[in-house]
Structures are given as C-alpha cells and as structure tokens.
Amino acid sequence: MTTGPVQARSSSPDQTRDLAAAIAELARPCDLVLLVGDLGAGKTAFTQGFGRGLGVDDQITSPTFALVQSYTGRLDLYHLDVYRLEQVNEALDLGLSEILDDEAVTVIEWGDKITQALPRDYLEVTISFGPAEDDRLFELRPVGSSWQARMRALTVALTDWPATPPESTPPEPTQQPVPGEPQC
Ligand code: ADP
Ligand code: MG
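This one's a predicted model, so the numbers in the text were calculated from it and none came from an experiment.

What counts, and where the lines are drawn
- Every chain is numbered on its own, with residues counted from 1 as its sequence reads.
- To label them, take the chains in the order written and letter them from A, then take the ligands in the order written and number them from 1.
- Where local features are concerned, this predicted model is filtered to residues with pLDDT of at least 70; where side-chain atom pairs are given and counted, the filter is 80 or more; whole-chain, interface and lining totals use all residues.
- Processing note: side-chain calculations cover all non-hydrogen atoms of the structure and skip hydrogens and water entirely.
- Counted as donors are N, O and S atoms no farther than 2.8 Å from the metal, or 3.2 Å for Na, K and Ca; water is not among the atoms, and sites may therefore look incomplete.
- For helices the rule is a DSSP run of H or I covering at least 4 residues; for strands it is a run of E covering at least 2, with both sets numbered from the N terminus onward.
- A pair is scored as a salt bridge if a Lys or Arg side-chain nitrogen falls within 4 Å of a carboxyl oxygen belonging to Asp or Glu.
- Three labels apply to residues, based on accessible area from a 1.4 Å probe with only protein chains included: buried if under 20% of the type maximum, exposed if over 50%, partly exposed otherwise in between.
- Any residue with at least one heavy atom within 4 Å of a molecule or strand is counted as near it.
- For this analysis, a polar contact is any N or O atom pair within 3.5 Å, provided that within protein one partner can donate a hydrogen and the other can accept it, and provided that sequence-adjacent residues contribute only side-chain to side-chain pairs.
- For this analysis, a ring pair means two rings from Phe, Tyr or Trp (six-membered ring only for Trp) whose centres lie within 6.5 Å, classed as stacked if their planes differ by under 30 degrees, edge-to-face if by over 60, and tilted for the remaining angles.
- Criterion for a charge above a ring: Arg CZ or Lys NZ at most 6 Å from the ring centre, at most 35 degrees from the ring normal.
- Here the nonpolar core consists of buried residues drawn from Ala, Val, Leu, Ile, Met, Phe, Trp, Tyr and Cys, with membership extended through side-chain atoms lying within 4.5 Å.
- Note on contacts: a residue pair qualifies if any of its non-hydrogen atoms lie within 4.5 Å across the two residues.
- Being paired, for any two strands, means DSSP has found at least two bridges between them.
- Structural elements are reduced to axes, namely lines fitted to C-alpha atoms, with helices fitted over the stretch in contact, and the angle between N-to-C directions of any two is expressed from 0 to 180 degrees.

1. Looking at the coordination of the magnesium ion (ligand 2)
Logical step 1: Taken together, the protein ligands of the magnesium ion (ligand 2) are Thr44 (OG1) and Glu109 (OE), with distances of 2.2 Å. Here Glu109 lies in strand E5 (residues 105–109) and Thr44 lies in helix H2 (residues 43–53), a separation of 65 residues in the sequence.

This is the structure:
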C-alpha cells in the first residue's frame with residue numbers, strides 16, 4: 001500500500017519541537033530524515049524536538065559551522081547542516097558514508113541538496129511558512145519502504161497538530177434586550 005504525504009501545522013517553536021518529538025517516537029536505528037525549508041523555517045527547532053524524542057539530553061544547536069554534530073540518546077543522533085556545502089563531494093568528505101552506516105539516526109538540514117549522495121530510503125520533512133508569523137506547515141513524505149510502512153503510525157502520531165485548524169463554530173447570537181423590557 002502506498003500512502004500520500006502527511007501534513008501537520010505548528011503555530012509556535014514549542015509546538016514544532018513537540019510534533020518533532022512525536023515523530024521521533026517512531027524512529028528506528030539507521031533512520032534518515034531530511035529537512036527541507038528556507039532559512040528560519042524551523043529545521044533546527046524541529047531537530048531539537050526530534051532529539052528530545054530520541055532521548056538526547058544535551059542541548060542541540062545549529063551545526064551550520066561544524067556541519068555535523070553527534071549526540072547520545074536512547075537512539076544516538078547525527079545532526080548535519082549541509083547549507084554551506086558547495087558540492088556533494090564535500091558531503092562525502094564529511095564522512096557521510098560512515099555516518100549513514102552507523103546505527104544512529106541521522107537528520108540532515110538542507111538534505112535535498114545532497115540526495116544524490118544518499119540512500120533512497122528516508123523521510124523528507126518539508127517546512128514552509130504559514131499565513132501568520134509563527135505558523136509553519138509540515139509535509140512529511142516517505143521515500144523508500146521503511147518510512148512508507150510507518151505512514152499510518154505517523155498520521156496517528158500527528159493528530160494533535162492538524163494541517164487545517166478545526167472549523168471555528170460561530171458564536172451564539174447574543175440575546176438583545178427588548179427596549180422597555182426589564183433587564184433581569
Ligand atoms: P532553520 O534551521 O530552518 O533555519 P531555526 O529553527 O534555526 O530555522 O529557526 C526558526 C526561527 O523561527 C526561530 O527564530 C523560531 O523562534 C522561529 N519560529 C517562529 N515560529 C516557529 C514555529 N512554528 N516553528 C519553528 N520555529 C518558529
Ligand atoms: Mg538550521
């Protein structure tokens with residue numbers, strides 16, 4: 001069975017961290033997650049929550065300069081940011097093959113830049129800006145069978161962060177006092 005992408009929505013950095021932590025509950029050793037989205041979309045915020053869901057206690061910071069950072073958790077985490085890489089070859093110089101061969105879970109910010117160097121088995125998380133300043137929209141697309149098999153569980157895990165906010169029910173019409181009638 002193939003399932004389409006799953007969508008979710010957050011309206012604060014904390015909600016982004018919480019929904020990412022919920023996704024991490026479904027993570028397994030050797031998983032790969034690609035984060036796609038412009039600067040400021042919330043890729044690092046997502047990774048902070050995702051790490052928390054993996055049981056990482058250390059503070060996760062942007063690896064923009066280090067390019068790769070590793071953390072110990074219930075499942076270990078590699079966090080890469082390949083924004084500054086000019087070429088896929090540079091990713092390989094980072095030791096990408098060793099990282100991907102490891103049991104740890106790997107999260108790559110701007111991972112879409114280096115898909116040629118990656119196995120065709122990952123979860124792609126695209127983050128875009130929503131209508132309000134702190135709104136972020138998430139689209140989770142499985143590539144390959146391992147995340148495909150988890151899409152139903154992912155849909156359930158993300159029920160608290162629906163892509164479309166529930167219809168707001170119009171307020172009850174307020175009873176206007178009839179002029180001349182007592183007010184109580
Ligand atoms: P990126 O890694 O994609 O460049 P960061 O996670 O470093 O983005 O930064 C996201 C910025 O957007 C932070 O300043 C954060 O406070 C802000 N922000 C506002 N709303 C959200 C949200 N819903 N989710 C994530 N970040 C948000
Ligand atoms: Mg970042």
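Continuing now.
2. A look at the pattern of salt bridges
Logical step 1: The full count for this structure, using the stated rule, is 5 salt bridges.
Logical step 2: For the salt bridge of Asp14 with Arg17, the shortest nitrogen-to-oxygen distance reads 2.9 Å. Here Asp14 pairs with Arg17, and both are found in helix H1 (residues 13–24), just 3 residues apart, close to one helical turn.
Logical step 3: On the basis of relative accessibility, which here comes to 24%, the residue Arg17 falls in the partly exposed class.
Logical step 4: Note that Asp18 is salt-bridged to Arg52, the shortest N-O span being 2.8 Å. Taken as a pair, Asp18 in helix H1 and Arg52 in helix H2 lie far apart in primary sequence, 34 residues in all.

3. Observations regarding the site of ligand 1
Logical step 1: Of all residues adjacent to ligand 1, which total 16 residues, the nearest are Thr16, Gly40, Lys43, Thr44 and Asp134.
Logical step 2: Between ligand 1 and Thr16, the relevant distance is 2.6 Å, taken from a nitrogen atom to a side-chain nitrogen or oxygen of the residue.
Logical step 3: Elements with a minimum of two residues in the shell around ligand 1: H1 and H2.
Logical step 4: When residues of the shell around ligand 1 are assigned to their parent elements, the largest contribution, 3 residues, is made by H2.

4. Some points on the packing of aromatic side chains
Logical step 1: Counted by the stated rule, this structure contains 3 aromatic pairs.
Logical step 2: Taken together, a centroid distance of 6.0 Å and an interplanar angle of 20 degrees make the contact between Phe46 and Phe50 stacked. Note that Phe46 and Phe50 are positioned in helix H2 at a spacing of 4 residues, about one turn of the helix. Of the two residues, Phe46 and Phe50, both sit in the buried class.
Logical step 3: Considering the side-chain rings of Tyr83 and Trp110, the 4.7 Å spacing of their centres and the 35 degrees angle between planes classify their relative orientation as tilted. Here the residue Tyr83 occupies a position in the loop between strand E4 (77–81) and helix H3 (88–93), and Trp110 occupies one in the loop between E5 and strand E6 (122–129), the gap between them amounting to 27 residues.
Logical step 4: Judged by its relative accessible area of 36%, Tyr83 falls in the partly exposed class.
Logical step 5: Three or more aromatic residues joined by ring pairs make a cluster, and in this case those are Phe46, Phe50 and Phe138.
Logical step 6: Directly above the ring of Trp147 sits Arg150, whose terminal nitrogen or CZ lies 3.9 Å from the centroid.

5. Things to note about the environment of Pro13
Logical step 1: If you trace the backbone, Pro13 turns up in helix H1.
Logical step 2: Residues Pro13 and Asp134, 121 residues apart in the sequence, show an inter-C-alpha distance of 7.6 Å.

6. Some remarks on the nonpolar core
Logical step 1: One finds Ile23, Phe46 and Phe50 to be the most contacted residues of the largest nonpolar core, which totals 31 residues.
Logical step 2: Broken down by secondary-structure element, the contributors of at least two residues to this core are strand E1 (6–10), H1, strand E2 (32–36), H2, E5, E6, strand E7 (136–143) and helix H6 (151–157).
Logical step 3: The biggest single contributor to this core is H1, with 5 residues.
Logical step 4: In this structure, Phe50 is in contact with Ala20, Ala21, Ile23, Ala24, Ala27, Val33, Leu77, Val105 and Val107, ignoring residues within four places of it in sequence.
Logical step 5: Counting residues in hydrophobic clusters, the runner-up holds 20 residues, among them Leu67, Val82, Ala91 and Ile114.

7. Considerations on the sheet that holds E1
Logical step 1: Taken in spatial order, the 7 strands of this open sheet run E1-E7-E6-E2-E5-E4-E3, and their pairing is mixed. Two strands in the sheet have a free side with no partner beyond their single neighbour: E1 and strand E3 (68–71). Along the sheet, successive strands turn relative to each other by an average axial angle of 20 degrees, direction set aside.
Logical step 2: Here 4 bridges tie E3 to E4, and the two strands are oriented antiparallel to one another.

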